[in-house]
Amino acid sequence: MTREAAVLRLGHRPERDQRVTTHVGLTARALGANHMYLAADDAGVVRSIGDVVDRWGGDFSAENNVKWRRCILDWKAAGGVVAHLTMYGLNLPDVIDEVRTQDRVLVVVGAEKVPGEVYGLADYNIAVTNQPHSEIAGLAVFLDRLFEGRELEAAFPHAKIRVVPSAHGKLAEGPAEDE
Ligand code: SAM
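Criteria and cut-off values
Residues numbered from 1 in each chain as written. Predicted model: local features only at pLDDT ≥ 70, side-chain atom pairs only at ≥ 80, totals over all residues. Heavy atoms only, no water. Helix = DSSP H or I, 4+ residues; strand = E, 2+ residues; numbered from the N terminus. Contact = heavy atoms within 4.5 Å. Near = heavy atom within 4 Å. Polar contact = N/O pair within 3.5 Å; in protein donor to acceptor, adjacent residues only side chain to side chain. Areas by Shrake-Rupley, 256 points an atom, 1.4 Å probe, with all protein chains shown as cover. 1 Å grid on protein atoms, 1.4 Å probe; cavity = no way out; pocket = protein on both sides within 12 Å on 5 of 7 lines; lining within 4 Å. Sits in = over half its atoms within 2 Å of the grid points. Nonpolar A, V, L, I, M, F, W, Y, C, P; charged D, E, K, R; others polar. Points joined across faces, edges and corners; volume = space filled by probe spheres on them. Axes fitted to C-alpha atoms, helices over the stretch in contact; angles between N-to-C directions. Parallel < 35°, antiparallel > 145°, perpendicular 65-115°, else oblique. Left-handed = near helix turned anticlockwise from the far one by under 90°. Salt bridge = Lys/Arg side-chain N within 4 Å of Asp/Glu carboxyl O. Buried < 20%, exposed > 50% of the residue type's maximum accessible area, 1.4 Å probe, protein only. Core = buried A, V, L, I, M, F, W, Y, C linked by side-chain atoms within 4.5 Å.

What to know about the environment of Ile72
Looking at where Ile72 falls in the secondary structure, it is placed in helix α3 (residues 68-77). The residues touching Ile72, leaving out its near neighbours within four places in the chain, are Leu8, Val82, Leu106 and Leu121.

In structure tokens form, the structure reads like this:
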């Protein structure tokens, strides 16, 4: 069973991808990953994610200015496996049982064209359907299948704000927050 998942975000363009990359990080955090490596120089994204962790708890972290090749090689050298999400890969249901047997999984997602070398370095090239869509959607479905839904019930310790689940209306404990 996978104990640790991290996300490596490739191809981030600071002038146009800030919102999507922030959402990659927030989705990773909410759905059970521990860390995001950002292969670009954008301290603002890392700061936004850090602000969310500070208010909403948990131990997720994000890191700026990562060299993607080094990141992948180091992850593998430390015994982890690399799962690159791409519509050209093997379809998720055909490989996820095998990926789940791995202790540590680095999930690679792109923005625009991903360097061809990544396909060779990855242990798994995985499609969340063989149709084009989004890195956020692909990541969310992948993590949910990896953790088999357990991540939906995870606790986020040290939270300053906590939603009180409600059938109608908006209830939270802690400082007010706009959604
Ligand atoms: N055209 C780009 C390419 O060929 O690499 C893909 C751009 S897509 C908007 C951005 C990212 O979303 C991809 O790098 C991949 O990680 C993810 N993605 C998009 N569709 C996917 C799919 N069907 N399965 C898995 N990941 C997908």
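Considering the site of the ligand
Residues in close proximity to the ligand total 18 residues, the closest being Leu85, Val128, Thr129, Gln131 and His133. Between the ligand and Thr129 there is a distance of 2.9 Å, counted from a nitrogen atom to a backbone nitrogen or oxygen. Protein contact buries 80% of the 560 Å² of open area that the ligand shows by itself. Comparing atom positions with the cavity grids shows the ligand to sit within the second largest pocket. Going through the elements one at a time, β4 (81-91) and β6 (124-127) are the ones with two or more residues in the shell around the ligand. A total of four residues in the shell around the ligand trace back to one element, the largest contributor, which is β4. Looking at the shell around the ligand, its residues break down into nine nonpolar, six polar and three charged.

Quick notes on the layout of surface pockets
Roughly 440 Å³ of volume is contained in the second largest pocket. Looking at the second largest pocket, it is lined by 20 residues, and the ones nearest its centre are Leu85, Thr86, Met87, His133 and Glu135. Within the residue set of the lining of the second largest pocket, elements represented by two or more residues are β4 and α6 (135-147). At five residues, the largest contribution of residues to the lining of the second largest pocket is made by β4. For the lining of the second largest pocket, the residue count by class is nine nonpolar, eight polar and three charged.

Quick look at the packing of helix α4 (residues 92-99) against α6
It is the contact of α4 with α6, at a shortest axis distance of 9 Å, that shows an interaxial angle of 50°. Taken together, the axis directions place α4 and α6 in an arrangement best described as oblique. Between α4 and α6 the crossing geometry is right-handed. The segment α4 lies against α6, with Leu92, Ile96 and Val99 engaging Val141, Phe142, Arg145 and Leu146. When grouped by side-chain class, the residues that make up the contact of α4 with α6 number six nonpolar, no polar and one charged.

What to know about the pattern of salt bridges
Under the counting rule described, the total for this entry stands at 13 salt bridges. For Glu112, the salt bridge is made with Arg13, and the minimal N-O distance between the two is 3.4 Å. Placement of the pair is Glu112 in the loop between β5 (104-109) and α5 (116-121) and Arg13 in the loop between β1 (4-9) and α1 (18-30), with a sequence separation of 99 residues. Residue Glu112 is classed as partly exposed on the basis of its relative accessible area, which comes to 47%. Residue class for Arg13 comes out buried when judged on its relative accessible area of 18%.

Some remarks on the nonpolar core
Membership of the largest hydrophobic core comes to 31 residues, with the highest contact counts inside it found for Val7, Val99, Ile126, Phe142, Leu143 and Leu146. By residue number, the principal contributor to this core is α6, which donates five residues. With residues up to four places along the chain from it excluded, the contact list for Val99 reads Thr2, Val105, Tyr124, Ile126, Phe142 and Leu146. With 16 residues, the next largest nonpolar core counts Val66, Trp68, Ile72 and Val108 among its residues.

Read these as layout, nothing more, since geometry by itself doesn't imply function.
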